[in-house]
Amino acid sequence: MSGSAQDEDGASLPLAPERAQRQGGMFKRFVRNWQKVLCALGLAGAIAGLFLPWLTTFWLGFDVFSQFTVHFLIVTAACAIGLLLPRHSLVVAFVLVVLGGVAIGGWAMLHKSDGFSKPTDGWHIRVMSFNTWLHNVDVDAIRREIMRQKPDVLGFVEFQADKRVLYAQLQADYPYRADCAEMPHCYLALLSRWPVKKVRARFLWMGPPYLHVIVNAPSGPVHVFVVHTLRFPWLGSQYKQVRAMARLVKGVKGARIVMGDFNATPFSVMLHTFIRGSGLKRQTWLPTWPAWAGPLPQLAIDHVFISPEFERVDGPWIGDNAGSDHFPVIVTLRRRQPQP
């Protein structure tokens, strides 16, 4: 159907088919060009997001971009592909970004534990770090998940008073425990199959809230720390916390395991600072948050670190969130030189 125009008397005159086609072509080019402009802006923004963490030395606030390194890589690739296409650039780029986010969560789900049939043989240590979330009231789901994964040592974060009913419910399998219930706003706890000795818990100091326990495993005593650091936007305080915690852990002699919610991904300066300062090795990299995104967690912020006395023999795995906004992370370790 051709367009129309008006003569000097206001009468309607048909437009030439070529002119109508030309106008339609101009509109299509306009839409196509705007799609490419938006793709170019997305590409520039993603590249900036990849570059800004390198400036953390000058301002710590840039470290927040490091948490989304994988996402910026996905956006960079998606927008670059969109720019190369003759049409539908923005649509293709958007679809690729969504698929990238699904792939991140799907990768985590490929490493989801179905549970273990029995505990370890005692010469291995299966550890589980679980931020149970302060707002989570499904205590029975937490109990079922613990019994399904059967860790030897379990570190709880955001474990407040109403969840302590688990102590009695799990008494047969986890007769040993420690927490910092005597301290205000210290929501950390530890359950163990083996005898424990509480060393210390701290809340208000230069470092993060932590619980330090010696677990008398069959392979020898192990210093276990349960930790919960600050998060964005308190990056300056979080950086001070991880530095202080690293110094404290390094000063402890013997086999050590540190687990908890560090609110930092493997690309963050926070974890690199902790690893350099403590001498421990990170054993986790799976996305564990947010669990409210269903089976698509995006950020790996729950971690387990080990001293050279240990090696990882299984995992990491994630479990069911059991009502929390985090998925638990599970790792099985073996002592390199077992001690009687």
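Above this text you will find the structure in question.
Scoring rules and cut-offs
- Residues numbered from 1 in each chain as written.
- Predicted model: local features only at pLDDT ≥ 70, side-chain atom pairs only at ≥ 80, totals over all residues.
- Heavy atoms only, no water.
- Buried < 20%, exposed > 50% of the residue type's maximum accessible area, 1.4 Å probe, protein only.
- Helix = DSSP H or I, 4+ residues; strand = E, 2+ residues; numbered from the N terminus.
- Right-handed = clockwise from strand over helix to strand, strands pointing away.
- Pairing = 2+ DSSP bridges.
- Core = buried A, V, L, I, M, F, W, Y, C linked by side-chain atoms within 4.5 Å.
- Contact = heavy atoms within 4.5 Å.
- Salt bridge = Lys/Arg side-chain N within 4 Å of Asp/Glu carboxyl O.
- Axes fitted to C-alpha atoms, helices over the stretch in contact; angles between N-to-C directions.
- Disulfide = S-S within 2.5 Å.

Chemist: Account for the pairing of strand 4 (residues 153–157), with residues named and values stated.
Modeler: Consecutive residues of a regular strand have side chains that alternate between opposite faces of the sheet. Among the five residues that make up strand 4, five are buried, leaving the element largely enclosed by the rest of the structure. Neither face of strand 4 is open: one carries V153, G155 and V157, the other L154 and F156, and all of them are buried. Assessed by its sense of winding, the connection that carries the chain from strand 3 (residues 124–131) through helix 5 (residues 139–149) to strand 4 is right-handed. In the sheet, strand 4 pairs with strand 6 (residues 188–192) via five bridges, with the strands oriented antiparallel.

Chemist: Give a detailed account of the nonpolar core, specifying residues and quantitative values.
Modeler: Among soluble globular proteins, nonpolar side chains are generally buried collectively. Formed by 28 residues in total, the largest nonpolar core has its most connected members in V127, V153 and I257. Broken down by secondary-structure element, the contributors of at least two residues to this core are strand 3, strand 4, strand 6, strand 8 (210–217), strand 9 (220–228), strand 10 (256–261), strand 12 (302–306) and strand 14 (329–335). Top element by residues in this core is strand 8. It accounts for four residues. In contact with I257, other than residues within four places in its own chain, are V127, V222, H223, V224, F225, V304, F305, I306, F310 and L333.

Chemist: Please provide a residue-by-residue account of unusual backbone geometry, values included.
Modeler: A cis amide bond links W289 to the next residue, P290, at an omega of 0°. The phi dihedral of K150 is positive, around 50°, even though this residue is not glycine. Within the secondary structure layout, K150 lies in the loop between helix 5 and strand 4. Its identity is not glycine, yet N263 carries a phi of approximately 50°, on the positive side. Turning to its location among the elements, N263 is positioned in the loop between strand 10 and helix 8 (269–278).

Chemist: Tell me about the pattern of salt bridges, and please be specific about residues and values.
Modeler: Summed over all chains, the structure comprises ten salt bridges. A salt bridge links E311 to R334; its shortest N-O distance comes to 2.8 Å. Here R334 lies in strand 14 and E311 lies in strand 13 (residues 310–318), a separation of 23 residues in the sequence. E311 sits in the partly exposed class, given a relative accessible area of 23%. Each member of the salt-bridge network shares a partner with another, and the members are K112, E145, R148 and D320.

Chemist: Hey, could you go over the sheet that holds strand 11 (residues 281–282) for me, with residue numbers and the actual values?
Modeler: Overall, mixed pairing links the six strands, which are arranged 7-8-9-10-12-11 in an open sheet. The open sheet has two edge strands, strand 7 (196–202) and strand 11, and neither has a second partner. Relative to strand 12, strand 11 runs antiparallel, the two being bridged by two bridges. The residue bridging K281 from the neighbouring strand is I306, located in strand 12. Packing against the sheet, helix 7 (residues 235–250) makes contact with strand 7, strand 8, strand 9 and strand 10, and its axis sits at approximately 175° to strand 9. Here helix 8 sits on the sheet in contact with strand 10, strand 11 and strand 12, set at roughly 15° to strand 12.

Chemist: Pulling in residues and values, what's your account of the environment of W133?
Modeler: With respect to the element layout, W133 can be found in the loop between strand 3 and helix 5. Classification of W133 as partly exposed rests on a relative accessible area of 28%. Measuring from C-alpha to C-alpha, the distance between W133 and D325 comes to 6.3 Å, with 192 residues separating the pair along the chain. Other than its neighbours up to four places away in sequence, W133 contacts V157, E158, Q160, K163, G323, S324 and D325.

Chemist: Break down the environment of T132 for me, citing the residues and quoting the values.
Modeler: Looking at the element boundaries, T132 is found in the loop between strand 3 and helix 5. The exposure class assigned to T132 is buried, which follows from its relative accessible area of 0%. The spatial distance from the C-alpha of T132 to the C-alpha of N321 is 7.9 Å, given a sequence separation of 189 residues. Excluding anything up to four places from it in sequence, T132 contacts I142, F156, V157, E158, F159, K163 and S324.

Chemist: Account for the state of the cysteines, naming residues and giving values.
Modeler: Overall, the coordinates contain one disulfide when judged by the stated rule. Between the sulfur atoms of C180 and its disulfide mate C186 the distance is 2.2 Å. Taking the sign of the torsion about the S-S bond as the criterion, the disulfide between C180 and C186, at about -95°, is left-handed. Note on accessibility: C180 and C186 belong to one class, buried.

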